[in-house]
2 protein chains.
Amino acid sequence: MGKGGSVQATMQQFPLTIAHILRHGSTVYADSRVSTLTGEGIRSASFADVAARAGRLAAALRRLGVRAVDCVGTFGWNHQEHLEAYYAVPCMGAVLHTLNIRLFTDQLTYVINHGGDKVVIVDATLIPLLANLAGDLTNVERYVVVGEMGKGDLSLLPGALRYEELLAAEEDGEDWPELEESSAAAMCYTTGTTGDPKGVVYSHRSVFLHALSECSGAAFGLSCADRIMLVNPMFHAMGWGLPYAAWLVGADLVFPGPYAQPEGLSRLAALTRPTFAGAVPTVWSDLLRYSESHSVDLSSLRMIISGGSAVPPALMDRFERRHGVRIVQAWGMTETSPVAAVSFPPPGTAAGDEMTWRAKTGRPLHGVEFRLCDDAGNLLPWDGIAVGEIEARGPWVTGSYHAVEAGEKFHDGWLRTGDVGTIDPLGFVQITDRAKDVIKTGGEWISSVELENALMGHPAVREAAVVGVVDERWGERPLACVVLRDDTTARPEELCSFLSSRVARWWLPERWALIEVIPKTSVGKFDKKALRALYAGGNLPVEVLPSLTKAR
Amino acid sequence: MGKGGSVQATMQQFPLTIAHILRHGSTVYADSRVSTLTGEGIRSASFADVAARAGRLAAALRRLGVRAVDCVGTFGWNHQEHLEAYYAVPCMGAVLHTLNIRLFTDQLTYVINHGGDKVVIVDATLIPLLANLAGDLTNVERYVVVGEMGKGDLSLLPGALRYEELLAAEEDGEDWPELEESSAAAMCYTTGTTGDPKGVVYSHRSVFLHALSECSGAAFGLSCADRIMLVNPMFHAMGWGLPYAAWLVGADLVFPGPYAQPEGLSRLAALTRPTFAGAVPTVWSDLLRYSESHSVDLSSLRMIISGGSAVPPALMDRFERRHGVRIVQAWGMTETSPVAAVSFPPPGTAAGDEMTWRAKTGRPLHGVEFRLCDDAGNLLPWDGIAVGEIEARGPWVTGSYHAVEAGEKFHDGWLRTGDVGTIDPLGFVQITDRAKDVIKTGGEWISSVELENALMGHPAVREAAVVGVVDERWGERPLACVVLRDDTTARPEELCSFLSSRVARWWLPERWALIEVIPKTSVGKFDKKALRALYAGGNLPVEVLPSLTKAR
């Protein structure tokens, strides 16, 4: 009877697919609700209803010729129909391609063509944006329009079909196919500041595991007692996984539709009493300002997740004091599905010390592994001091890009995040710079962001951007580009002296340019590529101070 | 550039293994603690320490000749060393076989031989139990003893090695192998009341997914703010997955060692202030009774999970009123890893109605799917009325047994749980009987358990067991076997009349046997097989009342 040496696992082969999430949500939590803000109020449907409509949508798309692994684009706000596409498209075996409605025309054309979208589901109100480029789309065969079309809209998108008419022509009871967990479920393009956007293709498995991990107490601790206000756009990184996490646990979903501004969010919160919400820091900052002059009741919220860029501690602090709800930082990128780290203070932290931890980038969420590497690819210690590039791996981290070579973005199978920072002994990541902006000087790294933050603490400085420029002796040295406030004056010597008590001596810039304006990218970030080009072309008014840096 | 029809997922191939849980816990939560109750107090180690010791254990086992897919048995209480084996054995590629220290000698011999255990790690205090059968073990090459051996212990297990000496001879820095997620990680035998025990072999993937799901807000909502008091034996169904869930989120673990009785648990809770605990209902019932005459402080607990058998509502109610902590029912079996369902009331339930839901078996946890089948294998509706056998599937549900045929336990790939009950439209399962005990009469099913519960409500009844017996007209009819309290009398007519206002008329038994004692199994359950045999042999004093059942 001895079986030593031949033990095989007896577990079932059960694929991790969005189809399970759909079945689970629509049966165990059939009564949970999906609500969308309208101009008049709220429209609402049960999970069971949404699942039935997703089935009709799948049938309609199949009738339009969509087959497994075909791409179906969505071009819309956050609403019930977008959620229906989130389930219908992957569960029929096709690939959901969420399109960023804020992309420049050229980029949008590129991603729709490169993704190979065959059908695009578009909000009626967004038809004018899409009509601009429809002539350049090489694969799109059909447009399906959500919402009431105005007169003339159909002429902008000839042949467009009405979403509700398509659903009405189908019947309930879609017979979903069985899918492999490794099959493609959805696609999202990164919007890097350099080069063409690159497509990340999520698998059913990665979507499942990411959403399941979000439900954990180590992340958002979601349950059927929650009502999730989804403000982060569904066209960014699959809506942060929340549309799927909600169905795993039966949490209600509430969508702002196109009303994702303070007035709309305030109205939505009052009407639906959400317990949980996600959005980028700007949204919370705008809402906080709005609430200073309007009555805003966010008392139903137990937690807010903010990501997309670092959350200023002052915002977290003021938001909690006014609204009694804590903003928690989550970190990630399109390539990491996106949630890779969450920043909770360690247990036992004194109340007064919590912000020290909460202001950090976060600890890796279970499933995700981080490591820190220097320029040569050597591993660096988790000591909170060594600075290197963060690399990530895990079941919801991408290992390549759709149909392009991107070898330098990966290192022994790990994703190079392009973010530079430290990791401390408790696993807390602190990102200090983008890798392309870090200043590499004499074998050490200077954080451009920290220099900028220090400079902007000077009363005369309105804006400051620091970039690395070639230096014969040190390889690179910082160039500080400073915009002074109106009616103020400050000499580089004075600014440098101000800095000297705030950063290490060898960080102090020799090169200074007092300029009128710092060039910005389309999303409002400093355009450091442009600054470096201006410097290289001799087009900045650079003053050079004596170097204070010595060999260390 | 169009890529329509050829989209492949770009996600990394990252295996779901216990090795990730070990890495995650020992780096991100290096400072979390593992504590074990001793006769004198608490001994404690950090996750980082435990991980290092697990590495030494793996090196020592390898030196003893343990190779990948070899089985290593554990025969011990809940303590730090048992946890070290939970990580060392699967992460080195071998298979952890947790042995139930309460098994009969014959069953224990069978499972150690059938599992093929090559090494057994045994608590010093349990050596006498194991020494009884050591001569019959065909594969065991070495015993490794945890804890101080008394004099004479070594002579009971010749050649036994000391755990701490083995670890001391190795060095830190184990180089763990890369494993496939489908590989065998651990094994546990079911202890069915019929036939030989059957081995369930968990994979790394199933252990990972089960533990991750336990962290969800839909289950236990675990986080690094938790401290888990693990009272449920680590030799049952992999300690309910909690040793792994704790490391995914950084929750402290506290173990009672051999002191899992009310006095010990009370002392452990006072010393460690746990927030969460798991155990079978008897433990909580004993602790509640103990706290009536002793000072017991459980105020640190936020949630208690109870499983293994149905939790009486009165126990939940009294426990919450005395200790301010809620007992939540979880349902599962060795074959389901074990957690398959958890019973939280739906949101919006009025406080007075919560027990109605909490007393149910529970709703399926995400990842697990249930269906309800009749005798012929047809699907039954989720209407809360139709009664059938519960079938389960999912990534942590077994699809076979180790090295035995068990075809009738599976149905189209689903596990037949052997439990009979209903599922309501919200997915709440209510188990009413074991399939083998349900009484099938005229095409309908009668719950033996409900009849027993109703009978035991009669003041004269001490115990009642109801079994199905052959009936010419109806196929089967209930036989009620009743033990009356001392100094009471009651005739079958009176008991039947008492029942008639409590159950459907067609459930009323015609056959009655007033007996002295109901035969019990080794774990104290009614031995219905023995009752049926007594009846078949004419060895019960059966009285027959006129049938009240009519064709319906």
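Computed from a predicted model, the values in this text were never measured in an experiment.

Colleague: Just checking my understanding: could you explain the overall build of chain A for this structure?
Modeller: Scanning chain A from terminus to terminus reveals 16 helices and 27 strands. Relative to the globule expectation of 24 Å for 552 residues, the C-alpha radius of gyration of chain A, 25 Å, shows essentially globular dimensions. Taken over the C-alpha atoms alone, chain A extends approximately 80 × 80 × 50 Å along its principal axes. Burial analysis of chain A (552 residues in total) assigns 61% to the buried set. Within chain A, contacts between residues separated by at least 24 positions form 67% of all contacts whose residues are at least 6 apart in sequence. Counting every atom, chain A has about 21,000 Å² of accessible surface; 50% of that belongs to carbon and sulfur. Each charge class in chain A can be summarised by its mean position, and for the 50 positive and 64 negative side chains these summaries are 3 Å apart.

Colleague: I tried to follow the nonpolar core on my own but got confused; where do I start?
Modeller: A general tendency of soluble globular proteins is for nonpolar side chains to be buried together. By size, the foremost hydrophobic cluster in this structure holds 195 residues, and its most contacted members are Y244(A), W247(A), F370(A), Y244(B), W247(B) and F370(B). Among the nonpolar cores identified, the runner-up in size contains 31 residues, and L99(B), V111(B), L126(B) and V201(B) belong to it.

Colleague: Can you walk me through the sheet that holds strand β24 (residues 461-471) of chain B in this structure?
Modeller: Sheet strands pair by backbone hydrogen bonding; their relative direction is either parallel or antiparallel. Residue and element names in this part refer to chain B. The strand order across the open sheet formed by four strands is β24-β25-β26-β27, and the pairing between neighbours is mixed. On the outer flanks of this sheet lie β24 and β27 (542-544), each paired with one strand and no other. Between one strand and the next, the sheet's axes are offset by a mean angle of 25 degrees, whatever the strand orientation. Two elements, strand β25 (residues 475-484) and strand β26 (residues 511-514), share four bridges in a ladder whose sense is parallel. By the bridge assignment, C481 is partnered in β26 with A513.

Colleague: How do you make sense of the relation of the copies chain A and chain B when you look at a structure like this?
Modeller: Comparison of the two chain copies shows a relationship of rotation about an axis with a shift along it. Note on the copies: chain A fits chain B at an RMSD of 0.2 Å, the axial shift is 0.0 Å, and the rotation between them is 180 degrees. In short, the pair behaves as if placed about a two-fold rotation axis. Residue S216(A) of chain A places its C-alpha closer to the rotation axis than any other residue of that unit, at 1.9 Å. Of the residues that chain A buries at the interface, 100% are likewise interface residues in chain B, meaning the two copies contact each other through the same surface.

Colleague: Mind showing me how you'd approach the confidence of the model for chain A here?
Modeller: Residues of chain A with pLDDT of at least 70 account for 97%, and the chain-wide mean is 93. On the interface metric, ipTM, the complex scores 0.92, and its pTM is 0.92.

Colleague: Can you walk me through the interface of chain A and chain B in this structure?
Modeller: A common way to express how large an interface is: the accessible area buried when the components associate. On the side of chain B, 86 residues touch chain A, which itself brings 86 residues to the contact. Approximately 6,000 Å² of surface area, both sides summed, lies buried where chain A meets chain B, with 62% of it carried by carbon and sulfur atoms. Our count for the chain A to chain B interface comes out at four salt bridges. A salt bridge links E369(B) to R23(A), with the shortest nitrogen-to-oxygen separation between them at 2.7 Å. Viewed at the interface, chain B and chain A are joined by 34 residue pairs in polar contact (both at pLDDT 80 or more). When its residues are assigned to classes, the side of chain A that touches chain B shows 42 nonpolar, 35 polar and nine charged.

Colleague: Just checking my understanding: could you explain the state of the cysteines for this structure?
Modeller: Formally, a disulfide is one covalent bond, and it connects the sulfur atom of one cysteine to the sulfur atom of another. Under the definition given, this model contains zero disulfides over all chains. Free of any disulfide, C496(B) has its nearest cysteine sulfur in C481(B), 14 Å distant.

Colleague: What is the right way to look at unusual backbone geometry in this model?
Modeller: Glycine aside, residues mostly have negative phi angles, and peptide bonds mostly take the trans form. In this chain, S337(A) is followed by P338(A) through a cis amide linkage whose omega measures 10 degrees. Locating P338(A) in the fold gives a position in the loop between β14 (327-332) and β15 (339-342). The phi angle at M238(B) is positive, at roughly 55 degrees, despite the residue not being glycine. Looking at where M238(B) falls in the secondary structure, it is placed in the loop between β10 (227-230) and α9 (242-249).

Colleague: I keep staring at the packing of aromatic side chains and nothing clicks. Help me out?
Modeller: Two descriptors summarise a pair of aromatic rings, namely the distance from one centre to the other and the angle between the planes of the rings. All names here are of chain A. In total, this model carries 20 aromatic pairs over all chains according to the counting rule given. With a centroid separation of 5.6 Å and 35 degrees between ring planes, the pair formed by Y86 and Y244 is classed as tilted. Of this pair, Y86 sits in helix α3 (residues 80-91) while Y244 sits in helix α9 (residues 242-249), placing them 158 residues apart in sequence. The exposure class of Y244 is buried, given its relative accessible area of 1%. Ring-pair connections join several aromatic residues into one group, and the members of that group are F47, Y86, Y87, Y244 and W247. We note R267 situated over the ring of Y259; from NZ or CZ to the ring centre the distance is 5.6 Å.

Colleague: Where do I start with the pattern of salt bridges in this structure?
Modeller: Side-chain pairing between opposite charges can occur once the charged atoms of the two side chains come close. Tallied over the entire structure, the rule returns 72 salt bridges over all chains. Across the pair R53(B) and E84(B) runs a salt bridge, and its minimum N-O distance is 2.7 Å. Residue R53(B) is found in helix α2 (residues 47-63), and its partner E84(B) is found in helix α3 (residues 80-91); the two are separated by 31 residues along the sequence. Neither R53(B) nor E84(B) differs from the other in exposure class; each is buried. Through salt bridges with shared partners, a single network forms among R43(A), R53(A), E81(A), E84(A) and E164(A).

Colleague: When you look at the environment of W512(A) in this model, what are you seeing that I'm missing?
Modeller: Residues and elements named next belong to chain A. Relative to the elements of secondary structure, W512 occurs in strand β26 (residues 511-514). Here the alpha-carbon distance between W512 and P478, two residues 34 residues apart in the chain, equals 8.8 Å. Aside from chain neighbours lying at most four places away, what touches W512 is L455, L479, A480, V482, P492, L495, C496, L499, P541, V542, E543 and L545. A polar contact of 3.0 Å, which involves the side chain of W512, links it to the backbone oxygen of P509.

Colleague: Any chance you could explain the side chain of S26(B) here in plain terms?
Modeller: All names here are of chain B. Turning to its location among the elements, S26 is positioned in helix α1 (residues 18-28). A polar side-chain atom of S26 sits 2.7 Å from the main-chain carbonyl oxygen of L22. Apart from residues no more than four positions distant in its own chain, S26 is found in contact with F47, A48, A51 and W247.

Colleague: I'm lost on the sheet that holds strand β6 (residues 142-146) of chain A in this one. Help?
Modeller: Residues and elements named next belong to chain A. What the seven strands build is an open sheet, ordered β7-β6-β5-β3-β4-β8-β9; its pairing is mixed. Two strands bound the open sheet, and with one partner strand each, they are β7 (161-162) and β9 (198-203). Note: strand β3 (residues 71-75) against strand β4 (residues 95-98), four bridges, orientation parallel. The residue of β4 that forms the bridge with C71 is V95.

Each value, and the rule that gives it
Think of each chain on its own: its residues are numbered from 1, step by step along the sequence as written. As a convention, the first chain written is A and the first ligand written is 1, with the rest following in written order. Where totals are concerned, whole chains, interfaces and linings use all residues; where local detail is concerned, this predicted model gives features only for residues with pLDDT of at least 70, and gives and counts side-chain atom pairs only at 80 or more. Side-chain numbers come from the whole structure's heavy atoms, not from hydrogens or water. Helix and strand assignments come from DSSP, with helices taken as H or I runs of at least 4 residues and strands as E runs of at least 2, each series counted from the N terminus. We take the radius of gyration over the C-alpha atoms and set the globule estimate at 2.2 Å times the residue count to the 0.38 power. Between buried and exposed lies partly exposed: a residue is buried under 20% and exposed over 50% of the maximum accessible area for its type, with that area taken using a 1.4 Å probe on protein chains only. Contacts: residue pairs with any heavy atoms within 4.5 Å of one another. Here, Shrake-Rupley sampling with a 1.4 Å probe gives the accessible areas, and only protein chains in the shown set may cover a residue. None of His or the chain ends enter the tally, which takes Lys and Arg as positive and Asp and Glu as negative. Just so you know, the charge point we use is NZ for Lys, CZ for Arg, CG for Asp and CD for Glu. Only buried residues count toward a nonpolar core, which is a set of Ala, Val, Leu, Ile, Met, Phe, Trp, Tyr and Cys residues joined through side-chain atoms within 4.5 Å. Two strands qualify as a pair provided that DSSP identifies no fewer than 2 bridges between them. Working convention: axes come from line fits to C-alpha atoms, limited for helices to the stretch in contact. Angles between N-to-C directions cover 0 to 180 degrees. To superpose the copies, least squares is applied to the C-alpha atoms of every residue with a pLDDT of at least 70 in both. Confidence of the predictor in every single residue is expressed as pLDDT, which spans 0 to 100. Two parts placed together each lose some accessible area under a 1.4 Å probe, and adding up what both lose gives the buried area. Basic side-chain nitrogens of Lys or Arg form a salt bridge, by our definition, when they fall within 4 Å of a carboxyl oxygen of Asp or Glu. Throughout this description, a polar contact denotes any pair of N or O atoms lying within 3.5 Å of each other; where both atoms belong to protein, one of them has to be capable of donating a hydrogen while the other can accept it, and for residues adjacent in sequence the pair is counted only when both atoms sit in side chains. Amino acids are sorted into nonpolar (Ala, Val, Leu, Ile, Met, Phe, Trp, Tyr, Cys and Pro), charged (Asp, Glu, Lys and Arg) and polar (every other residue, Gly among them). Here, two cysteine sulfur atoms that lie within 2.5 Å of each other are counted as a disulfide. Two rings belonging to Phe, Tyr or Trp (six-membered ring only in the last case) form a pair when the distance between their centres is within 6.5 Å. Interplanar angles under 30 degrees mark stacking, angles over 60 mark edge-to-face geometry, and anything in between is tilted. Geometrically, a lysine NZ or arginine CZ counts as sitting over a ring once it is within 6 Å of the ring centre and also within 35 degrees of the ring normal.

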